Structures are given as C-alpha cells and as structure tokens.
Amino acid sequence: MKEYPLRPYTEYLPEQEYLNGRMKEVEKGMGIVAARLGEPTPITEPLDVLDRARELVADLFKQVTVRPLNEAVETQLQWLDRAEARAGQTDGEPKNSLTRIPIDRVLLETIREGWRTSR
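The sections below set out a description of the structure shown in this document.

About the thresholds
- Residues numbered from 1 in each chain as written.
- Predicted model: local features only at pLDDT ≥ 70, side-chain atom pairs only at ≥ 80, totals over all residues.
- Heavy atoms only, no water.
- Helix = DSSP H or I, 4+ residues; strand = E, 2+ residues; numbered from the N terminus.
- Buried < 20%, exposed > 50% of the residue type's maximum accessible area, 1.4 Å probe, protein only.
- Lys, Arg positive; Asp, Glu negative; His and termini not counted.
- Salt bridge = Lys/Arg side-chain N within 4 Å of Asp/Glu carboxyl O.
- Axes fitted to C-alpha atoms, helices over the stretch in contact; angles between N-to-C directions.
- Parallel < 35°, antiparallel > 145°, perpendicular 65-115°, else oblique.
- Left-handed = near helix turned anticlockwise from the far one by under 90°.
- Contact = heavy atoms within 4.5 Å.

So, about the side chain of Arg67. In this structure, Arg67 sits in the loop between α2 (45-63) and α3 (69-88). One buried charge, Arg67, has no salt-bridge partner; the nearest side chain with opposite charge is Glu71, at 4.2 Å.

Before going further, it helps to spend a moment on the packing of helix α1 (residues 9-37) against α2. Two elements in contact, α1 and α2, have axes separated by 9 Å at closest approach and are oriented at 160°. What the angle tells us is that α1 and α2 run roughly antiparallel. Here α1 runs over α2; the crossing is left-handed. Contacts from Gln16, Leu19, Asn20, Arg22, Met23, Val26, Glu27, Gly29, Met30, Val33 and Leu37 in α1 reach Pro46, Leu47, Leu50, Asp51, Ala53, Arg54, Val57, Ala58, Leu60 and Phe61 in α2.

A word on the side chain of Arg112. Positionally, Arg112 belongs in helix α4 (residues 101-118). We classify Arg112 as buried; its relative accessible area is 10%.

Functional significance is not addressed by these values, which are geometric in nature.
Now the structure itself:
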C-alpha cells in the first residue's frame, strides 16, 4: 500500500474551504428536496444523487490532505474508467452492477470544474 505524506496545511486549506462550500450547497439542496417530499422522506433519485455528492465531497475533503484536489478527482475518474471497462467485459465472470458510475463521473467533473473556476 502506498503511503502519502501529509501536505502542508497552507496547500490544502483552500481546497478544503472550497469543498466545505460545496458540502453546504449539497446539504442545502438535500433540505430543499426533503422539505418538498414531506414526512417521512422517501428516497428519490434527486435525494440519492445529493447523498452521493455528499459522500464524494467528504471523501475528497480527506484526500486533499495528502494530494491536490485535481489529482484526487482524476484518480477517482480513472478508477471509474477501469470499473466501467471491467463491467463491459464478457469473460463469464460475475460483475457487480455499478449504476453510479455515470452519476459519480458527472459529480466529480462538476467538483473539478467548480474548483478550476474558483481559482
């Protein structure tokens, strides 16, 4: 397993501040969707996508302490490419259905583009 040394705090602080802002946007969106749906809140596609966005932002928040945000996003996109290619193979081996690949790809690209434009 590869070890990653911690980056200097001043290098990842702006990335974490950006991700904090994204997290607030996602949680605000979740509140709006939940309020529209009422009690009890059923799981819907918009709520599921927002929940996945929250998970990705939280993962990236941790990852930026050891690698730049662009690198962390690119690494996850490369993993999605490999997972998608593996799912498309017809070698007779059982495959998990990874229906979140397109959603994750869009969410990660949105995060990366937002970071680029905020700089």
